Every structure is written in C-alpha cells, then in structure tokens.
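Fold and contact review
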Amino acid sequence: MTPEQASTETSRLCGLAPVVPVLVIDDASRAEGLARALVAGGLLALEVTLRTPAALDAIRAMSIVPGGVVGAGTLLTPQDVEAAKAAGATFGVSPGATDPLLDACEANDLPLLAGCSTPSEVMRLLSRGYTVAKFFPAEANGGVPMLKAWGAPLPQMRFCPTGGVSLKNASDYLALPNVLCVGGSWVAPAHLVKAQDWSAITTLAAEAAALRG
Ligand code: 3PG
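As the structure is a prediction and not an experimental result, all values here were calculated from the model.

**Let's talk about the pattern of salt bridges**
Under the counting rule described, the total for this entry stands at eight salt bridges. The salt bridge involving Arg60 is made with Asp57; its shortest N-O contact spans 2.6 Å. With Arg60 and Asp57 both in helix H3 (residues 55-62) and three residues apart, this pair spans about one turn of that helix. Residue class for Arg60 comes out partly exposed when judged on its relative accessible area of 42%. By relative accessible area, which is 42% here, Asp57 ends up partly exposed. Across the salt bridge formed by Arg128 and Glu106, the nearest N and O atoms sit 3.0 Å from each other. Of this pair, Arg128 sits in helix H6 (residues 119-128) while Glu106 sits in helix H5 (residues 99-107), placing them 22 residues apart in sequence. Overall, Glu106 belongs to the buried group, its relative accessible area being 17%. Counted as one network, the salt bridges with shared partners bring together Asp99, Asp103, Glu106, Arg124 and Arg128.

Here you go:
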C-alpha cells in the first residue's frame, strides 16, 4: 500500500464519525460488548491500543461486530504492525513515526495514522506522501491554536488530534479546516467498561457522534 493509498483510507476512516474512541482494554471478554455499544452510538472506527496483554484478543473479538472498523493503536515497531494485522486490525495509529514503522505498514497494507507534533514532523510525513496524520499529544502541544497556525504553511496535512481531547474542546478542534476528526478515551471510561454498562457507553458515544465543528 502506498502512502497515498493509506492517506485516502485514513481520510475515509476519519470521516466515519467525528470521534475515534481510544480504547485501553484489560479484559478481552468485554471487548465485543464495548464495540457493540460504541457502534450503536454511531462511533464506527475504533482504536484498540496495544498497551495491554489483552489488546490483540480484543481486536479479534471486536472485528466481528457489524458496522465497526477496528484498528490498532500505539504501534511502535514492525512487530507490532504484523501482530496487529494478524489479529484483524484494518488500520493503525502510532504516537510518532519512524521509517521502520512506516515501511512495515506500507509492506503489510495497513493504513497508518502516524503521529506528529512539530512542523518538521509534518513535513517529513508529507515528504513520504502522507496527507493525514495524528496530532499527538494535542492539548500538551498547543491544541487548537497550534493546529490553526499550522494550517497556513502546511495546508496539505489534515489531522486527527488526540491526547487531552474531550467533550469540552472537541468541537473547537472539529471547527478547524485541517481537522477531520478527533481521538479520545472519554467515550469509554474504565469504570463503565468494568461495569459493562453498555447503555451508558452508547449514550456517551451518541453524544460524541453528534459533535460538529
Ligand atoms: C492516549 O494516548 O491514550 C490517547 O492519546 C488518548 O488520550 P486521552 O485519554 O487524553 O483521550
């Protein structure tokens, strides 16, 4: 998959809903219910972070949920890419970008939303052919004013800001012309996942799915 093809696909995924849930799953037995709850609320692209031993099993379990598109987050190495792909992930997300990671995603046909946090990092991704990226960690790196400032010299790149984004500030990000969607964990709080309170999560997801810029 070329970077251009990957960007077309990540752009499509970012257009499915205004928010991509960032999920840290400790118990894979709750993954399918969680995915069904989020999809029922209208959040269709789901990022499962590879930060827990349960993550790959969670991706496998979530991949059967109709209407959902399951990706793997926190991809750091080519081995992560191969494991995510084997588990059924259909897209990847990373906090930053290295050549080995980008090469592995291209070789394994896994569209990657690669992280960046400076103009030089944006320029590096653009030079490789990527036109969609994750801005991470968004709030700690200047948030909405930073992305607004990047829009003038770097209009080719469009972003999914993630990290510190919440119901309170998501609309401000979504109002920017260079923002396609936002990522955030607030739609799946750990206590609700642990309690398997799927209706509460569907309510949070629906609230997020209704956000507009
Ligand atoms: C993460 O690294 O977990 C994501 O960036 C989500 O950040 P958030 O919990 O601030 O939404």
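**Regarding helix H2 (residues 31-41)**
In terms of residue burial, H2 counts as a mostly covered element, since eight of its 11 residues are buried. Within the span of H2, buried status applies to Ala31, Gly33, Leu34, Ala35, Ala37, Leu38, Val39 and Gly41. Among the residues trailing H2, Gly42 stands out with phi positive, at a value near 105°.

**A closer look at the environment of Asp80**
Relative to the assigned elements, Asp80 resides in helix H4 (residues 78-87). The spatial distance from the C-alpha of Asp80 to the C-alpha of Leu101 is 8.8 Å, given a sequence separation of 21 residues. Beyond its immediate stretch of four places on either side in the chain, Asp80 contacts Leu50, Thr74 and Leu75. For Asp80, the side chain forms a polar contact with the main-chain nitrogen of Leu76, separated by 2.8 Å.

**What about unusual backbone geometry?**
At the junction of Phe136 and Pro137, the peptide bond is cis and its omega measures out at -20° in the coordinates. Positive phi outside glycine occurs at Thr74, with the angle close to 55°. Turning to its location among the elements, Thr74 is positioned in the loop between strand E3 (69-73) and H4.

**A closer look at the environment of Lys134**
With respect to the element layout, Lys134 can be found in strand E7 (residues 132-135). On the accessibility criterion, Lys134 (6% relative accessible area) is buried. Sequence separation between Lys134 and Glu207 is 73 residues, and the spatial gap between their C-alpha atoms is 22 Å. The contact partners of Lys134, leaving out residues within four places of it in the chain, are Glu47, Val93, Ser94, Pro95, Leu113, Ala114, Gly115, Cys116, Cys160 and Thr162.

**Digging into H3**
Listing the buried residues of H3 in full gives Ala55, Ala58, Ile59 and Met62. Axial view of H3: buried residues confined to an arc of 100°, hence all on one face. Elements that come into contact with the buried residues of H3 comprise strand E1 (19-23), H2, strand E2 (45-49), E3 and H4.

**Considering the packing of H5 against H6**
It is at 13 Å that the axes of H5 and H6 come closest, and there the two elements cross at 35°. The interaxial crossing formed by H5 with H6 has right-handed handedness. Residues Asp99, Leu102, Asp103 and Glu106 of H5 touch H6, and the partners they reach there are Arg124, Leu125 and Arg128. For the contact of H5 with H6, the class distribution of residues is two nonpolar, no polar and five charged.

**Observations concerning the pairing of E2**
Remark: a regular strand shows side chains that alternate across the two faces of the sheet. Among the five residues that make up E2, five are buried, leaving the element largely enclosed by the rest of the structure. Note: E1 against E2, two bridges, orientation parallel. Residue Leu23 lies in a different strand from E2, and its bridge partner there is Val48. Chirality of the crossover, the property in question, places the unit of E1, H2 and E2 among those that are right-handed. Alignment of E2 against E3, held across five bridges, turns out to be parallel.

The rules behind each value
Residues numbered from 1 in each chain as written. Predicted model: local features only at pLDDT ≥ 70, side-chain atom pairs only at ≥ 80, totals over all residues. Heavy atoms only, no water. Salt bridge = Lys/Arg side-chain N within 4 Å of Asp/Glu carboxyl O. Helix = DSSP H or I, 4+ residues; strand = E, 2+ residues; numbered from the N terminus. Buried < 20%, exposed > 50% of the residue type's maximum accessible area, 1.4 Å probe, protein only. Contact = heavy atoms within 4.5 Å. Polar contact = N/O pair within 3.5 Å; in protein donor to acceptor, adjacent residues only side chain to side chain. Arc of directions from axis to C-beta. Axes fitted to C-alpha atoms, helices over the stretch in contact; angles between N-to-C directions. Left-handed = near helix turned anticlockwise from the far one by under 90°. Nonpolar A, V, L, I, M, F, W, Y, C, P; charged D, E, K, R; others polar. Pairing = 2+ DSSP bridges. Right-handed = clockwise from strand over helix to strand, strands pointing away.

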